[in-house]
Structure formats: structure tokens, C-alpha cells
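# Structural description and commentary
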Amino acid sequence: MSAREFNFDGLVGPSHNYAGLSFGNVASFNNVKSASNPKEAALQGLAKMRALAARGFAQAVLPPQDRPNFRLLRSLGFTGSDADVLARAFKESPVILACAYSASPMWTANAATVSPSRDTADGRVHFTPANLNNKLHRALEHVQTSRTLRAIFGDERHFAVHDTLPSTPAFGDEGAANHTRLGAHHGAEAVELFVYGRVEFDPQAPAPKRFPARQTLEASQAVARLHGLADARTVFVQQNPDVIDQGVFHNDVIAVGNADVLFYHEQAFADEQGALFQLRQAMAGVDAELTPIRVETSMVSVQDAVHSYLFNSQLLSKADGKMALVIPQECQENAAVARYLEGLVASGGKVDELIHFDLRQSMRNGGGPACLRLRVALDEREAQAMHQGVVMTEALYHTLVAWVEKHYRDRLAPQDLADPSLAVEVHAALEELSRILGLPGLYDL
Ligand code: SUG
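Residues numbered from 1 in each chain as written. Predicted model: local features only at pLDDT ≥ 70, side-chain atom pairs only at ≥ 80, totals over all residues. Heavy atoms only, no water.

### What to know about the pattern of salt bridges
Within this structure, the stated rule accounts for 27 salt bridges. Residue K39 is joined to E405 by a salt bridge in which the shortest nitrogen-to-oxygen separation is 3.7 Å. Remark: E405 occurs in helix 16 (residues 394-407) and K39 occurs in helix 2 (residues 38-54); sequence separation between them is 366 residues. Here D82 and R74 are joined by a salt bridge, their closest N and O atoms 2.7 Å apart. On the basis of relative accessible area, R74 is assigned to the partly exposed category, the value being 36%. (Salt bridge = Lys/Arg side-chain N within 4 Å of Asp/Glu carboxyl O. Helix = DSSP H or I, 4+ residues; strand = E, 2+ residues; numbered from the N terminus. Buried < 20%, exposed > 50% of the residue type's maximum accessible area, 1.4 Å probe, protein only.)

### A look at the site of the ligand
The environment of the ligand is formed by 21 residues, the closest being L21, S22, H137, D252 and C371. At a separation of 3.0 Å, a nitrogen atom of the ligand approaches a polar side-chain atom of H250. Within the backbone of N365, a nitrogen or oxygen atom sits 3.0 Å from a nitrogen atom of the ligand. Protein burial of the ligand: of its 480 Å² of free accessible surface, 100% is covered by the chains. (Near = heavy atom within 4 Å. Polar contact = N/O pair within 3.5 Å; in protein donor to acceptor, adjacent residues only side chain to side chain. Areas by Shrake-Rupley, 256 points an atom, 1.4 Å probe, with all protein chains shown as cover.)

### Comments concerning the packing of aromatic side chains
Evaluation of the coordinates by the stated rule reveals 12 aromatic pairs. A centroid spacing of 6.4 Å and a plane angle of 40 degrees characterise the contact between F6 and F8, whose relative ring orientation is tilted. The pair F6 / F8 is uniform in exposure class, with both members buried. Where Y264 meets F269, the ring centres are 5.8 Å apart and the plane angle is 40 degrees; that geometry is what we call tilted. Per residue, the accessibility class of Y264 equals that of F269, and both read buried. Taken together, the ring pairs connect F6, F8, F127, F153 and F159 into an aromatic cluster. Positioned over the ring face of Y18 is R364, at 4.9 Å from the centre of the ring. (Phe/Tyr/Trp six-rings, centres within 6.5 Å; stacked < 30°, edge-to-face > 60°. Lys NZ or Arg CZ within 6 Å of the ring centre and 35° of its normal.)

### Topic: the sheet that holds strand 6 (residues 179-182)
The 3 strands lie next to each other as 6-7-8, forming an open sheet whose pairing is mixed. Each end of this open sheet is capped by a strand with a single partner; those strands are strand 6 and strand 8 (234-238). Taking each pair of neighbouring strands and ignoring which way they run, the sheet shows an average axis angle of 25 degrees. Sheet topology note: the strand 7 (residues 191-196)/strand 8 ladder contains 5 bridges and is parallel. For Y196, the partnering residue across the bridge sits in strand 8 and is Q238. Against the sheet, helix 10 (residues 272-284) engages strand 6, strand 7 and strand 8, with an angle of about 175 degrees to strand 8. (Pairing = 2+ DSSP bridges. Axes fitted to C-alpha atoms, helices over the stretch in contact; angles between N-to-C directions. Contact = heavy atoms within 4.5 Å.)

Here is the structure:
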């Protein structure tokens, strides 16, 4: 049966701000404490969704999460009324308050790992929400993410939403940002590639020295087991620890796959030749041939890749068999990257089109086009079985733009997180959003 790849983009929440919470993520660190514009951030994300939906790509939206997370604040000893909790947290630990307020669920590539039904033993689509346990602000996400995925993919004849892995360093799991499928096309059986940063139970295995490796081999293996993936069609490869130390905190900052194409930087993997060999062998088993697009350091340095987010792009299959590369506008502002891209589309290869977006608000926290989307390949029956209210249409786009215009602020500075009315505004916005999306009870408000 044919299948389409839906991109579920995260709708940026009303508390989007720059708190410098992600050690190892260069952009997050560099923009700490600058003022954000949540309204602009949400509109930039919606513009991307609308444009891609209008081009005929299957597009849906994942809603933001309730913030601040009062459960976290209360569990850490901030007591009293909601206003008291906020005031005390701001005074005693503004960084914890920022964690409770983070709009990080917008980066839905980290929401879960998804295996389409063609790959799994029981023929259902499997989801494992990521525990994101490397960072406090992100470790909060999986509770609502699980609830949201179960609301959208509730039909157990077609979908299985697993519990997250144990939230402990051995099972650090960052979801689809370290996972991709390679095969002939979206509807075909494919090889699932898991890229990990370190190995918990092998202290001899190479690991980064400066910045954390967020994904473990043990976590990737557990997800593959839970999803019932065949060994012969599952490949685990290690990310190059040196690039993690240069700011490549997820594999999707240095590589992206789509259908038979793997677009990657020559320094992406610890053992490039070994990775290609394993992939080619596994892909032979699904009658597909790998098309590598390898970018050399002499053309684009790791630093240029990290600053432009060249590889945090979406590779999208078009009806004519070619692919479009969805890039952030920063790629055109970087001379080496712009030159490389010009050559790429002129080369006569699979990628023959560039689609660029202004995603500056998200980019300033280290989130490019690919961070903002979770890929879910669905056949026609599965696409019908999921909740329909999240599918991006022209009508939904306009409704959401009006909703953003009504509820979002256009400036959030660090001290604004202490303002008790912000919490009230976020609540009101989400209550209305759950109605718009036809998901009553989505939040525990
Ligand atoms: O986890 N930034 C996110 C960016 C996630 C990007 N996702 C992918 N590469 N798939 C992170 O580092 C910054 C939040 C702050 O500093 O306020 C943040 O969480």
C-alpha cells in the first residue's frame, strides 16, 4: 500500500523564550537572556507548515504544552498560590523557572521515535516518546507528549504509543533527531538507522569530552526492540564524538535521510565507511540502493554546518521523483553553504530545489526546519484513523494565525517570566486551542 510521510510540526508555544538551557547547543548558549518574540516565532512556524501543505506535502501540527509546569515548581519546594510559586522561583532560582516555562516541545523531532507499520513486527505504527533526560526543561516534555500522541493516534488497531524509556542516563533518548529511515520510498519496507552519541555500559567506547552526548546506544536498541524491528533492517552507528564537541548535539544537525538518500557531512559518523557499509548491506535486503550525498569539510566546515544548519533541513520527495531541500535562510547568508547549495541543485542529482524559510526565532535556540518536525509515514487507512483535527489545511492555518494574534505576546524578556498574568494567558490560549483542534481534554488544565 502506498504511504505518505506526514510532517508534524510543533506549534510554538506562547512562552517561547531564550534561557540558555542547553549546554552543548551553541545557539541556545549564545542567545541566553535576550528578548524573544513568541508571536513571531509561532507565525514563522505556521508559515512553513502552510507553504509545505500548499505544495501538496502531508502536513500536520503538534500542539504546544502547558507552561509553566507548576508540578515541577511545587515538587521542588516552591509553595503557596500560583503567584507565590512564580515569585519565589523567580527570586530563588530563575533558571528553574525558565525550565518550567520553556517552549521546547516545539522541536518535535525530539518528541518521539516513530517506526512506520511497514517496518514493525505487528504491522502497527509504533511511537516511543523520548525521555529527553539530559536537560531538565526537556525532561518534562514526555508526560504531555505521550498524552498528545495517544489523543491523536488513539486507535490501537493501527498505532502503539509506548511508555518512555527509564529516565536515567543509561537510556538517554532524544527521539527522531537521531533516527532516520532509508529505503526505496516511504511506503516500502525500509532500514531504520539509529545514531547514538555514547555507550553507557562500555566505558572504553569513545565519547565527547566537552559537551554531553545525549543519546545512548542502549536507548536506541531498546526503542528498536519495543518497535519490533527486524535485526537485518536495523543499523546502529556512532556519531563522531568530535563533532558533538563542536556543537552537533543531535545527529540531525549533521545528517538527514529521505527515501534512498543520505545527505551528510563527512565528519558526521565515528566510522564513515563502516556506517555506509552497514547501510548498503541492510538496504540490499529491502531492494534499495543507498544514494549518499557527502559534503566534504573543504566545501563546508563543521562550524559552517552548525551555524547555518545546512543539515537540519527537510528532504522532501516530490511527485516527479526528485527531492526538495527545506532550509533555514541562514544557509543563504553563509557564503560557503550558499555556494555548496548552488552546486548541489545544479548537479543534476536527486535534489533539484531549495525551499527556504525565515525561522529565526527558533533558530536562535538551535532549532531549524528539521527540529521543528516529526515524521510519521502513514498508509491511507492509518492516515484516516488518526485524529483529523491536526491536519494542516488553509482553514486551520488561518484559524491558528488568528489564535496566535489574539493570545501571544510579541516580547518576552527573562523578567517577564515572573509576571503571574503570563501563566494565566498561556492557560487561556491552550484551552481555546484544544477546542480548535477538536481535542477536548488534551491538557490537564
Ligand atoms: O534541545 N533547544 C533545543 C533545540 C532542539 C533542536 N532539535 C533538534 N536538533 N532536533 C535543545 O537543545 C534551548 C532552550 C533555551 O535555551 O531556552 C533548547 O532547548
